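Per-entry structural report
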Amino acid sequence: MKYPETKKSKKSKGITLIALVITIIILLILAGITILTLTGENGLLNKANLAVEKTDEAQKNEEDKLVKIEDEFDNYTKITLIEQMLKKCGISTTYTIEDIVDNKDSILSTILNNKEAVEYIIQDSEELKAGMCNSEIAITELAKNENSKKQIINNEQWLTTIQNSKYASNFDEYTATIQKMTSNEGPGGTVTAVSTQEGSFPYYAFDEDDNTGWYETNRSVPNNELIYTYTDMKTIYKLSLIAQNITNAATDNNLEIYLSPSENEDDWIQIYNDSWYWGRNSAAAVKNVNILLEKLQKVKRIKIKSTCIYSGNYWTQKIKQVQAYGLDI
């Protein structure tokens, strides 16, 4: 049996509907506030994103600082690894020792322009040193590079390699051991002679002047010797000099050269002995003598015995431009 709807029932339904509408409105407002809280300019999601970005930025800054510190460490500390040397020279660390020795992609040329890298190769890297000492390519690059030539002369192993190389003369400028003399007393050593032609001083053989030289007096002298004594001991691998004829007469000539590791008269070691003939009318003719020693020699004194005989004991041979090549070791 269906009963008719009363006024009270209708009113209750209206109130319920209004409450439902109000609830929905409140929920919508809350939802809006929630969305705004999450996505607004100061919302949680935005703040979270900013936090992530700041974290990433801080991490990147930290990584950049570490890279900078590493670079500074590489720049201001001594090279101890081949990879470190390559990095310092701006070269890929993937290159091998063989690549360096063979000058692949001209990397050795680049390395030798870095002073610290050269110091590492010459003084500390036994692997590189061993490889380069047996490489004609490497020795060629060393001989061409000013930076390496200046440093290489302070290492005996490298000097031995240079001595046995056809590129030895490329190092002469940096391995000369006799200083330019301005008197018989130096600098760098002293020089004496048994006899001297007037105006032709013994030190003229060591003054780096093509126009001067030493020769003995024009009479019989039993020991026509020129002796140079270093102030400090040297180790040499090569010696050179120029002998010049100073007469138009035909003469027989002899030249002997000795080295001594001390000032003891019994310590002389002969390294050269040669004879030749100056023809008539050959004044000013020259003979260039270059002696590459079989092994490194420690030297305190150099003795040159020059004999040029004409009409019986008449010496007419000038000695000039004497130089020895090596280093202080």
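Residues numbered from 1 in each chain as written. Predicted model: local features only at pLDDT ≥ 70, side-chain atom pairs only at ≥ 80, totals over all residues. Heavy atoms only, no water.

Right, let's get into the nonpolar core. Within the largest apolar cluster, 36 residues are counted, with the highest numbers of intra-cluster contacts made by Met85, Ile100, Ile111 and Trp158. For this core, the secondary-structure elements that each account for two or more residues are α3 (82-88), α4 (97-101), α5 (107-111), α6 (115-124), α7 (126-133), α8 (136-144), α10 (156-163) and β6 (317-327). Sequence-distant contacts of Trp158, that is, excluding residues within four places in its chain, are made with Ile121, Ile122, Lys129, Met132, Cys133, Ile139, Leu142 and Ile152. (Core = buried A, V, L, I, M, F, W, Y, C linked by side-chain atoms within 4.5 Å. Buried < 20%, exposed > 50% of the residue type's maximum accessible area, 1.4 Å probe, protein only. Helix = DSSP H or I, 4+ residues; strand = E, 2+ residues; numbered from the N terminus. Contact = heavy atoms within 4.5 Å.)

Right, let's get into the environment of Arg280. The topology assignment puts Arg280 in the loop between β4 (269-278) and β5 (286-309). Note: C-alpha distance between Arg280 and Thr247 (33 residues apart in sequence) is 8.3 Å. In this structure, Arg280 is in contact with Asn248, Ala249 and Ala250, ignoring residues within four places of it in sequence.

On to α8, then. Considered for burial, the residues of α8 that qualify are Ala138, Ile139, Thr140, Glu141, Leu142 and Ala143. Packing partners of the buried residues in α8 comprise α4, α5, α7, α9 (146-152) and α10.

Below, the discussion takes up the packing of aromatic side chains. The full count for this structure, using the stated rule, is six aromatic pairs. Ring centres of Phe201 and Tyr204 lie 5.3 Å apart, and the angle between their planes is 80°; this geometry places the pair in the edge-to-face category. Owing to a relative accessible area of 37%, Phe201 belongs among the partly exposed residues under this scheme. Both rings, one in Trp276 and one in Trp278, keep their centres 5.9 Å apart while their planes meet at 90°; by these two values the pair is edge-to-face. Each of the two residues, Trp276 as well as Trp278, counts as buried. Feature note: the residues Phe201, Tyr203 and Tyr204 constitute an aromatic cluster, connected by ring pairs. A cation over a ring is seen here: Lys238 above Tyr325, with NZ or CZ 5.0 Å from the ring centre. (Phe/Tyr/Trp six-rings, centres within 6.5 Å; stacked < 30°, edge-to-face > 60°. Lys NZ or Arg CZ within 6 Å of the ring centre and 35° of its normal.)

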